[in-house]
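The lines below spell out each chain.
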Amino acid sequence: MKTPPKPHNVLITGGSRGIGAAAVLAFAKAGYNVAFTWHSRPDAAEQVLAEARRLAPAGRFAALKADAADPDAVRRAVSDAQAQLGPLQVLVCNAGVAQQKLFTDLTDEDWRQMMAVDLDGVFYACRAVLPSMIHQKYGRIICVSSMWGQTGGSCEVHYSAAKAGVIGLCRALAKEEGPSGITVNCVAPGVIDTDMMAGFSDEDRTLLAEETPVGRLGTPEEVARTLVFLASPRAGFITGQVIGLNGGLVI
């Protein structure tokens, strides 16, 4: 497989908080130029951008406002990232929303919004970056799914369905793009200690940790390190795979 030019350029969707923010910083520390999208928190995006610049003063970084559910916005973000960094060698599809709700209470809007952000957004981003990657004969696409995309989660049917769709997309795209030197993989986090857990009580968090075989919640940084590895030339023979980061909850 062709070796990419140095330094690598990466676009991360949903990079202003949680796993996405940890990924921006991990890629910055690994020597990548990083563009990331954000949607509703300009203050958080600026903080991540400033920290990336502090960690890697020689790197180039860009924070791009884009709604993952808007195909035109995603296309513009990819174009802007390429204009500021150069051709992209890596795409991390991380932007997503979550919601806990009984299936019988789900509205049409709940369903459409979940699919639009968590699944359609992956399609839009992959579609936008692939022409350049195919031209380079090199690329790494890594998508953030969920253990619920593997097993299904009660009161998260729409979320589970969207994340299962991400897994199917990645497996099929890996077969299609392998001959072009492009790998496509998923990570499927379990219970990760991010602001998405803000609604959980201390008791709930303790119970979740006890249910996890390793006895604790995961961290965004642990997921980010796996993303950096899958983006590296060392992971060139890994494609179409779902890497579980769940502390043993799903085996």
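For clarity, every value in this text was computed on a predicted model and none was experimentally measured.

Chemist: With reference to specific residues and values, describe the sheet that holds strand S5 (residues 139-144).
Modeler: A sheet is described by the order of its strands in space; here seven strands give the open sequence S3-S2-S1-S4-S5-S6-S7, paired in parallel fashion. Either end of the sheet is taken by a strand with one partner, and the two such strands are strand S3 (61-65) and strand S7 (242-245). Looking at each pair of strands side by side, their axes are set apart by 15° on average, direction ignored. Sheet analysis places strand S1 (residues 9-13) next to strand S2 (residues 33-38), joined by four bridges and oriented parallel. Bridging from a neighbouring strand, Asn9 pairs with Asn33 of S2. Strands S1, S2, S3, strand S4 (90-93) and strand S6 (182-189) of the sheet are contacted by helix H1 (residues 18-29), whose axis makes an angle of about 170° with S1. The sheet contacts of helix H4 (residues 108-136) involve S1, S4, S5 and S6, and relative to S4 the element is tilted by about 175°.

Chemist: Can you break down unusual backbone geometry residue by residue, with the values?
Modeler: With phi around 60°, Lys137 is a residue other than glycine that occupies positive phi space. With respect to the helices and strands, Lys137 occurs in the loop between H4 and S5. Here Cys155, not a glycine, exhibits a phi torsion of approximately 65°, which is positive. Taking relative accessible area as the criterion, Cys155 reaches 30% and is therefore assigned partly exposed.

Chemist: Describe the pattern of salt bridges, with residues and values.
Modeler: Think of it this way: side chains of opposite charge can pair up when their charged atoms draw near. Going through the model one piece at a time under the given rule, you end up with seven salt bridges. Asp193 serves as the salt-bridge partner of Arg205, at 2.8 Å between the closest nitrogen and oxygen. Of this pair, Arg205 sits in helix H7 (residues 202-211) while Asp193 sits in the loop between S6 and H7, placing them 12 residues apart in sequence.

Conventions used here
- Residues numbered from 1 in each chain as written.
- Predicted model: local features only at pLDDT ≥ 70, side-chain atom pairs only at ≥ 80, totals over all residues.
- Heavy atoms only, no water.
- Pairing = 2+ DSSP bridges.
- Helix = DSSP H or I, 4+ residues; strand = E, 2+ residues; numbered from the N terminus.
- Axes fitted to C-alpha atoms, helices over the stretch in contact; angles between N-to-C directions.
- Contact = heavy atoms within 4.5 Å.
- Buried < 20%, exposed > 50% of the residue type's maximum accessible area, 1.4 Å probe, protein only.
- Salt bridge = Lys/Arg side-chain N within 4 Å of Asp/Glu carboxyl O.

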